[in-house]
Amino acid sequence: MTPDLHEPGLAVHVEDLTVSYQSKPVLWDIDFDIPPGVMAAIVGPNGAGKSTLIKSILDLIRPTAGHVTIHGRPYSDQRRKVGYVPQRSSVDWDFPTTALDVVTMGLYGQLGWLRRPGRTEHDRAMAALARVGMSDFAHRQISQLSGGQQQRVFIARALVQDADVYFLDEPMAGVDATTERAIVKILHALRDAGKTVIVVHHDLQTVRDYFDWMVILNVRVIAQGPVSEVYTPENLRKAYGGQIALIDRDATLETAP
């Protein structure tokens, strides 16, 4: 079922967003909408501005122009309703803390920094670890975990917030096939529960299997909408250039002109 873009309360609305580094545009005049209750992929070539887009939506980077709303209100008003999983490479995994501590940090926005987490927070953090299959590693130092295990811990940190909208920056990058399937299962469960899940994704071959909504980006928005309509050779050629191989569901190979 295709979401209705005219229903009230879009999950994410981005309008006229421009981000520049040293006067060079990294994102230019970005406009897109993501309706609630979908699992959306943000795809594009290296340097397209995908991570910058998420960071600017979350006020981690100040845009040059434009504005963003989450369920109709500025991000600053909706902070507690948004979960974020950054790229694993951006995290200091040598920091001396346990998996349980990392997940519990996801509750600090609700607790405030002066209130110490108690039994309720401990139980919520353990439940989040259980959802990602990491209960047995709760007291393990994060530096001792594999890359896939570290990624699961950070997803649990977002899950414990019980957000309405989740942003994940390449959560499947560098993980094994078993972990990737586990992550996708978790994200699909969030979507099926009515959450909105927005993922920077690098693997074009799995987009149609994993996602139902899509934003194709290369400094500008090339196309957006349901995957069934947007995932086309023409749109991908505009974003990536050259020869783009599209793996169809019947395993035939189609090459963009």
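A brief structural summary. Counting of residues starts from 1 at the beginning of each chain's written sequence and follows it residue by residue. The model is predicted, so local features are restricted to residues of pLDDT at least 70 and side-chain atom pairs to those at 80 or more, both for listing and for counting; the totals for chains, interfaces and linings are taken over all residues. The basis for the side-chain values is all heavy atoms of the structure; hydrogens and waters are excluded.

## What to know about the environment of leucine 17
Quick note on the threshold: Numbering goes from the N terminus for both helices and strands, where a helix is a DSSP run of H or I of at least four residues and a strand is a run of E of at least two. Accessible area is worked out with a 1.4 Å probe on protein chains only. A residue is then buried under 20% of its type maximum, exposed over 50%, and partly exposed in between. Residue contacts are counted whenever heavy atoms from the two residues lie within 4.5 Å of one another.
Residue position: leucine 17 is located in strand 1 (residues 12–21). On the basis of relative accessible area, leucine 17 is assigned to the buried category, the value being 0%. The spacing of leucine 17 and isoleucine 57 is 40 residues in sequence and 9.2 Å in space, taken between C-alpha atoms. With sequence-adjacent residues up to four places away left out, leucine 17 is seen in contact with Leu27, Trp28, Asp29, Ile30, Leu53, Ser56, Pro63, Ala65, Gly66 and Val68.

## Structural notes on helix 1 (residues 50–57)
In terms of burial, helix 1 is largely enclosed, as seven of its eight residues are buried. Along helix 1, the residues that are buried comprise Lys50, Ser51, Thr52, Leu53, Ile54, Ser56 and Ile57. Positive backbone phi, at 65 degrees, marks aspartate 59, one or two positions downstream of helix 1.

## Looking at the sheet that holds strand 4 (residues 65–70)
The condition is simple: Two strands are counted as paired when DSSP detects at least two bridges linking them. The axes used here are C-alpha line fits, helices contributing only the stretch in contact, and every angle between their N-to-C directions lies in the interval 0 to 180 degrees.
Pairing in this open sheet of three strands is antiparallel, and the strands run 2-1-4 from one edge to the other. Of all strands in the sheet, those with a lone pairing partner are strand 2 (24–34) and strand 4, marking the two edges. Within this sheet the neighbouring strands show an average axis-to-axis angle of 20 degrees, counted without direction. By the bridge criterion, five bridges tie strand 1 to strand 4 in an arrangement that is antiparallel.

## Topic: the sheet that holds strand 5 (residues 82–85)
By definition, the strands of a sheet pair up through backbone hydrogen bonds, in either a parallel or an antiparallel sense. Reading across from one edge, 5-6-7-3-8-9 is the order of the six strands in this open sheet, with mixed pairing throughout. In this open sheet, the two edge strands, each paired with only one partner strand, are strand 5 and strand 9 (220–226). With strand direction ignored, the average angle separating the axes of adjacent strands in the sheet is 15 degrees. Examined bridge by bridge, strand 3 (residues 39–43) and strand 8 (residues 213–218) share four bridges and lie parallel to one another.

## Quick word on helix 7 (residues 177–192)
Condition: To estimate the expected span of a helix, count its residues, drop one, and scale the result by 1.5 Å. In the analysis that follows, any N or O atom pair within 3.5 Å is treated as a polar contact, provided that within protein one partner can donate a hydrogen and the other can accept it, and provided that, for residues neighboring in sequence, both atoms belong to side chains.
Taking 1.5 Å per residue, 16 residues should reach 22 Å; helix 7 reaches 22 Å between its end C-alpha atoms and fits that length. Turning to helix 7, its buried residues number three or more, namely Thr179, Glu180, Ile183, Val184, Ile186, Leu187, His188, Leu190 and Arg191. The inward-facing, buried residues of helix 7 contact strand 3, helix 5 (119–131), helix 6 (147–159), strand 6 (165–169), strand 7 (196–200) and helix 8 (207–210). Between a side-chain oxygen at the N-terminus of helix 7 and the backbone nitrogen of threonine 178 the separation is 3.2 Å; the capping residue is aspartate 176. Trailing helix 7 by a residue or two, glycine 194 shows a phi angle of about 95 degrees, which is positive.

## Observations concerning the pairing of strand 3
Side-chain positions along a regular strand alternate between the two faces of the sheet. Counting buried positions over the five residues of strand 3 gives five, a clear majority of the element. Every second residue of strand 3 is oriented toward a common face, with Met39, Ala41 and Val43 on one face and Ala40 and Ile42 on the other, all of them buried.

## Concerning the environment of leucine 10
By secondary structure assignment, the location of leucine 10 is in the segment before strand 1. Sequence-wise, leucine 10 and isoleucine 34 are 24 residues apart; in three dimensions their C-alpha atoms are separated by 6.3 Å.

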